Each structure stands twice: as structure tokens, then as C-alpha cells.
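Residue strings, one per chain:
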Amino acid sequence: MSSLKKLEFFFAILLIVLAVFFFVVAFLDWIDFGVVIGAYRFNHWLVWVGALYIAFAVPVYSMLKRRYSAGLRKWLGFHVLGNLTAFVLISIHFSSQISRPAAFYPDLGTGLALFISMVLLVATGFSQRFGIVKSVKPQTNRVIHVGLALSFYLVIGIHILHGVGFL
């Protein structure tokens, strides 16, 4: 593994540890991410930033890697670390939602599906980038990763429509 890839691996692991840390901290209410800022709670602002980043950065990455394949390493680092940062923000939101009291517990249908698809996207992306699982062919991993990304986009659209009351 090259020194640049080792550095990227270190930051990727750090972001995953941060996601787990903030997930636990938010779930146990050690830090209140539910403070209202403007019309919405802070954890909603975090998830919107994370989701908007993914909604725009993933297609941009896909286009850039096809157009400028010579700079693929630069774009791949942008893709991996940016999406892991978005995963941290989304984890805080999801954990804040599932730690709510029973009287205010949310409908987890699409939110749960989104979080599971995000965890699987992180796992397959991590495996694909750093070659963690040697028994799975890279082509198979890529097909699964892309399929999960497409399902993520479909479910997030439904989740947003549900959240604003259209469904």
C-alpha cells in the first residue's frame, strides 16, 4: 500500500471511528444534537448537509473520473473521505432519531432503509478502495456498490417526500 493510500486509510478509519463515537454519544444523549436552530433541529441540519453532499458529490465524482481519468486518485480520495464525512453527519441524525422517547418515536421505515444502505455503501466502498475482503472480486463489489448507491437515491427521494408530507 502506498504512503498516500495509507494516509487515506488512516483518515477513513478515523472517520468511521468518529461516526461510531457520535452515534453512541447521540444515542445516549451525552450531547444533545436536538437543539433547535431556526425552524429545525441541529441533527436535521447535519443530515441535510450530509445528504446534499452525497446527492451532488457522487454524480460529480462519477463524471469527473470518466472525463479526467488521469486524476482518478485525487477524485477517489475526494469521494471516499467526503462521503465518509457525510456518513458521520447522517449517523448523528439517525442516532438522534432512534434515541427519542417512546411518545415521540419516529416512523423508521425509509430512514432505517437509508441508514442500512449507507452502512452497506460504506462497507462495500471501504472494501473496494482498500481491498479488505479478498474473496470478493472487485467487479462484483463494484456492481453491489453502484446498486446500493442507486437504491440509496431512490429511497432518499421517497424519504424526503414522506418527511414533507407528500406521501
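Conventions used here
- Residues numbered from 1 in each chain as written.
- Predicted model: local features only at pLDDT ≥ 70, side-chain atom pairs only at ≥ 80, totals over all residues.
- Heavy atoms only, no water.
- Salt bridge = Lys/Arg side-chain N within 4 Å of Asp/Glu carboxyl O.
- Helix = DSSP H or I, 4+ residues; strand = E, 2+ residues; numbered from the N terminus.
- Buried < 20%, exposed > 50% of the residue type's maximum accessible area, 1.4 Å probe, protein only.
- Core = buried A, V, L, I, M, F, W, Y, C linked by side-chain atoms within 4.5 Å.
- Contact = heavy atoms within 4.5 Å.
- Phe/Tyr/Trp six-rings, centres within 6.5 Å; stacked < 30°, edge-to-face > 60°.
- Expected span 1.5 Å × (residues − 1).
- Patch = residues over 30% accessible without salt bridge, like charges linked within 9 Å, V, L, I, M, F, W, Y side chains within 5 Å.
- Areas by Shrake-Rupley, 256 points an atom, 1.4 Å probe, with all protein chains shown as cover.

Engineer: So what exactly am I meant to see when it comes to the pattern of salt bridges here?
Structural biologist: A side chain of one charge can pair with a side chain of the opposite charge if their charged atoms are brought near each other. Tallying each qualifying case throughout the model produces one salt bridge. In this structure, the salt-bridge partner of Glu8 is Arg129, at a minimum N-O distance of 2.9 Å. Of the two residues, Glu8 is situated in helix H1 (residues 3–27) and Arg129 in helix H4 (residues 109–130); the sequence distance between them amounts to 121 residues. Given a relative accessible area of 7%, Glu8 falls into the buried group. A relative accessible area of 12% places Arg129 in the buried class.

Engineer: How should the nonpolar core be read in this particular structure?
Structural biologist: Inside soluble globular proteins, nonpolar side chains tend to come together where they are buried. By size, the foremost hydrophobic cluster in this structure holds 33 residues, and its most contacted members are Ile54, Leu84, Phe87, Ile90, Met118, Leu121 and Phe152. Among the secondary structure elements, those contributing two or more residues to this core are H1, helix H2 (42–67), helix H3 (72–98), H4 and helix H5 (138–163). A total of 11 residues in this core trace back to one element, the largest contributor, which is H3. Excluding residues within four positions of it along the chain, Leu121 makes contact with His145, Leu148, Ala149 and Phe152.

Engineer: How do you make sense of the packing of aromatic side chains when you look at a structure like this?
Structural biologist: The geometry of an aromatic ring pair comes down to the distance between the two centres and the angle between the two planes. If you walk through the whole model with that rule in mind, you get 17 aromatic pairs. Between Phe21 and Phe22, the aromatic rings sit 5.3 Å apart at their centres with planes inclined by 65°, giving edge-to-face as the arrangement. Judged by centre distance (6.3 Å) and plane angle (15°), the rings of Phe33 and Phe42 are stacked. What makes Phe42 partly exposed here is its relative accessible area of 28%. Taken together, Phe21, Phe22, Phe33 and Phe42 form an aromatic cluster joined through their ring pairs.

Engineer: Help me understand H5, please; the structure alone is not making it clear to me.
Structural biologist: Given 3.6 residues per turn, any residue in an α-helix points the same way as the ones three and four places further on. Spanning 26 residues, H5 covers 36 Å between terminal C-alpha atoms, matching the ideal 38 Å at 1.5 Å per step. Among the residues of H5, Asn141, His145, Leu148, Ala149, Phe152 and Ile156 are the ones counted as buried. Against the buried residues of H5 lie H2, H3 and H4. Positive phi shows up at Gly165, right after H5, with a value of about 90°.

Engineer: In this structure, what is going on with a nonpolar patch on the surface? I would like to understand it.
Structural biologist: A surface patch of nonpolar side chains, amounting to about 650 Å² of accessible area, comprises Leu4, Leu7, Phe10, Phe11, Leu14, Leu18 and Phe21. Here Leu18 shows up in helix H1. Assessed through its relative accessible area of 31%, Leu18 is described here as partly exposed.

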